[in-house]
Each structure stands twice: as structure tokens, then as C-alpha cells.
Amino acid sequence: RWLPVLRRRCDLARKRLSGRGLAAEGRVLRAVLYVYHSRLLRHRPYLALQQVEQCLKRLWKMNLVGCLETLAGLIPKKSTSQAHAECLVPSQPMLETVALKVLGGCKLVLRLLDCCCKAFLLSVKHLCSEEFILLNTVASGLLSRLWFVIQYRCVLQSLMSLYGTLSTSLHLVSETQQMPYITGFTFPSDISNFLGVNVSSEVKKQKARMLTTKKPTSWLKKLFPTMPEAVSELGKKRNFATCRTAVKNCSIPCPTDIGEPVL
């Protein structure tokens, strides 16, 4: 009975980990860090972005997706209807290896969510102070999307439900044939106690902190002031030449991301 459930949850966790959104946000994050590497080595939001990138890098290097594919391939797709029929099941060493990687993946995803929340708050804080406007604008949008992709696709929740099925499977297989592979470590029966936090309440706290953050609107009004009435009337006629002349005559210089407030 538990073999089809284990295969389905392996496939679900693998699809959510290998989604396009998570990979795309990781590529954008690496590109942003590469562009600003020589300018912002000691800038706090930049250092927080590096922590987010380290968590993503460790998550990919542990090859959890490939491990889940291997485990799903070992499970027979067709379940027999006979009550006492024999079938091949994954061995205890394989189940222990996957369970250990799932535990580490849950820890990393939880740490990634926390780093995204902290880096987002730092970026908005420096954005309100009108420091590195371009970088902090890009970083705040990137971090909010990355946090939302992980939460929306339920990456952590799928890994936790997968571990519950893995724990049951490991217990049944070890009772059938004892082949312990990982020694000196006791696999927890409840993953919530292993993580040490209530995942749902922790995510709600992070979401509340990100939504109630002070939004930087004052510098937007300085960069894009309201046009005079005459110019606005001409703008209604969709005259491109008039709009271009108004932009040229504007006394506000082109905003440059040099780490100082734009006057």
C-alpha cells in the first residue's frame, strides 16, 4: 500500500524542486551578485544576498532531485493485487540515504526562507534611506519573488510529507531485513521536532514582516515629479516630440546608482 504513495510523493517533491521559477530566480540572483561584486563587497543587503545564494547553491549541490529520481525508479509502477505476493522494494541503505538528504533539504529550505526574509527587510531599509537605489530595488523584487515561489509551490511542505512516508517505509523495510547503513544517527519520527520550529507559524510571521515593512515612496516622487498642467494637457494628445522635449528640459539628472541619495 505504501509503495504507490511513496512514488507519488517522490515525483511531487522532485517536480516542485526542479521548477522553472526556482531555477530562474537563482540565475537572476547569481547575475546580480556578479554585476555588483566589485562595488558592494561590504554592503549589508549585498552580504545578505550572498547568504541566500549560498543556500541555493548548497541545495543544488546535494543533488536531492537526482536522488529522488533514483528512488522513484526503484519502486515498481504496477502493484500486484495478490495479498501475499512478493515484490521488489528499495533497500534500507537507499531509504536511509534519501531520508537523510530530505532532512538536510528541509533544513536548507527553511534557512533559505529565513535568509530571503532578512535580506528583503535590509534591502527595503536601505531603499528607504535612498542608498543604492537600483540594486535594492532589484534585490527587493527578486527576494520577494524567490520567497513566494518557494512558498507557493509548497517545496518545504512536500519534502516534509515525503519524509513521513519515507519514515514509515524505512521502519517496515528494517523489520523485514536488517541492513543498517547510517550509524550513530537516529532518524526522527516527527520531522517538526527535528526542525525545531512550527513551519506554518514561522512562514506566517515572515509574511507579516514582509507585508508590514515601510514602503519607500518618497524617493519615487523625487525621481518622477508631477508635470505642469500644460505639459499634462499636451501629453493627452500622445505627442512624442513634446514629451521628449519635456524630459530634456527636466532639471533632475539621470539617477545613478553610486550609493548616495539622488538629489
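Conventions we followed
What you see as residue numbers is a count from 1 along each chain, following the sequence as written. Predicted model: local features are reported for residues with pLDDT of at least 70 only, side-chain atom pairs are reported and counted for 80 or more only, and whole-chain, interface and lining totals are derived from all residues. Only heavy atoms go into the side-chain values, all of them from the structure, while hydrogens and water stay out. By definition, any uninterrupted DSSP run of H or I lasting at least four residues is a helix, any uninterrupted run of E lasting at least two residues is a strand, and each is numbered from the N terminus. To sort residues, take the accessible area from a 1.4 Å probe on protein chains only and compare it with the maximum for the residue type: under 20% means buried, over 50% means exposed, and anything in between is partly exposed. Contact definition: two residues touch when any of their heavy atoms are within 4.5 Å. Computed with a 1.4 Å probe, the accessible areas rest on the Shrake-Rupley method; for each residue, only the protein chains presented here act as cover. Any Lys or Arg side-chain nitrogen located within 4 Å of an Asp or Glu carboxyl oxygen qualifies as a salt bridge. By this rule the span expected of a helix is its residue count minus one, scaled by 1.5 Å. Think of the arc as the fan of directions from the helix axis to the C-beta atoms. Note on definitions: angles span 0 to 180 degrees between N-to-C directions of axes, and those axes are lines fitted to C-alpha atoms, for helices only across the stretch in contact. The labels follow the angle: roughly parallel below 35 degrees, roughly antiparallel above 145, roughly perpendicular from 65 to 115, and oblique for the rest. Take the far helix as your reference; a near helix turned counterclockwise from it by less than a right angle gives a left-handed crossing, and one turned clockwise gives a right-handed crossing. Amino acid classes used here: Ala, Val, Leu, Ile, Met, Phe, Trp, Tyr, Cys and Pro are nonpolar; Asp, Glu, Lys and Arg are charged; the rest, including Gly, are polar.

For the protein chain, the name recorded in an unreviewed UniProt entry is NEPRO protein, with Oceanodroma tethys as its organism.

K.L.:
Can you walk me through the overall build of the protein chain in this structure?
P.N.:
Within the protein chain, the secondary structure is distributed over 12 helices and 0 strands. The order of α-helices and β-strands along the protein chain, N terminus first, is α-α-α-α-α-α-α-α-α-α-α-α. Per-residue burial for the protein chain yields a buried fraction of 40% across its 263 residues. In the protein chain, once contacts between residues fewer than 6 apart in sequence are set aside, the share between residues at least 24 apart is 86%. About 16,200 Å² of surface is accessible on the protein chain, with carbon and sulfur atoms providing 57% of the total.

K.L.:
So what exactly am I meant to see when it comes to the pattern of salt bridges here?
P.N.:
Close approach of charged atoms allows side chains of opposite charge to pair. Taken as a whole and assessed by the stated rule, the structure comprises 6 salt bridges. Arg14 is the partner of Glu69 in a salt bridge, and the nearest nitrogen-oxygen pair spans 3.8 Å. Of this pair, Glu69 sits in helix 4 (residues 64-74) while Arg14 is found in helix 1 (residues 2-17), placing the two residues 55 residues apart along the sequence. Judged by its relative accessible area of 44%, Glu69 falls in the partly exposed class. Across the salt bridge formed by Arg111 and Asp114, the nearest N and O atoms sit 3.7 Å from each other. With Arg111 and Asp114 both in helix 5 (residues 92-128), this residue pair falls 3 residues apart, about one helical turn. Given a relative accessible area of 37%, Arg111 falls into the partly exposed group. Judged by its relative accessible area of 18%, Asp114 falls in the buried class. By sharing partners, the salt bridges in this structure join Asp11, Arg14 and Glu69 into a single network.

K.L.:
For this particular structure, what's the right way to read the side chain of Ser123?
P.N.:
By the secondary structure assignment, Ser123 is in helix 5. Given the relative accessible area of 0%, Ser123 is considered buried. Discounting chain neighbours no more than four positions away, the residues touching Ser123 are Pro45, Asn136, Ala139, Ser140 and Leu143.

K.L.:
Help me out: how do you make sense of helix 1 in this one?
P.N.:
An α-helix turns once per 3.6 residues; consequently, residues spaced three or four apart project the same way. Here helix 1 is 16 residues long and its end C-alpha atoms lie 22 Å apart, about the 22 Å a rise of 1.5 Å per residue gives. Those residues of helix 1 lying buried are Leu3, Leu6, Arg7, Cys10, Ala13 and Leu17. Buried residues of helix 1, seen end-on, are gathered within an arc of 135° and therefore sit on one face of the element. In helix 1, the exposed positions that point more than 90 degrees away from the buried face belong to Arg8 and Lys15.

K.L.:
I'm lost on the packing of helix 1 against helix 4 in this one. Help?
P.N.:
Helix packing for two helices is described by the angle between their axes and how far apart those axes are. Here helix 1 crosses helix 4 at 155°, and the two axes come no closer than 9 Å. One way to sum up the angle between helix 1 and helix 4 is to call them roughly antiparallel. Regarding helix 1 and helix 4, the two cross each other, and that crossing is left-handed. The segment helix 1 lies against helix 4, with Arg7, Cys10, Asp11, Ala13, Arg14 and Leu17 engaging Leu64, Val65, Leu68, Glu69, Leu71 and Ala72. Class assignment of the residues belonging to the contact of helix 1 with helix 4 gives a composition of 8 nonpolar, no polar and 4 charged.

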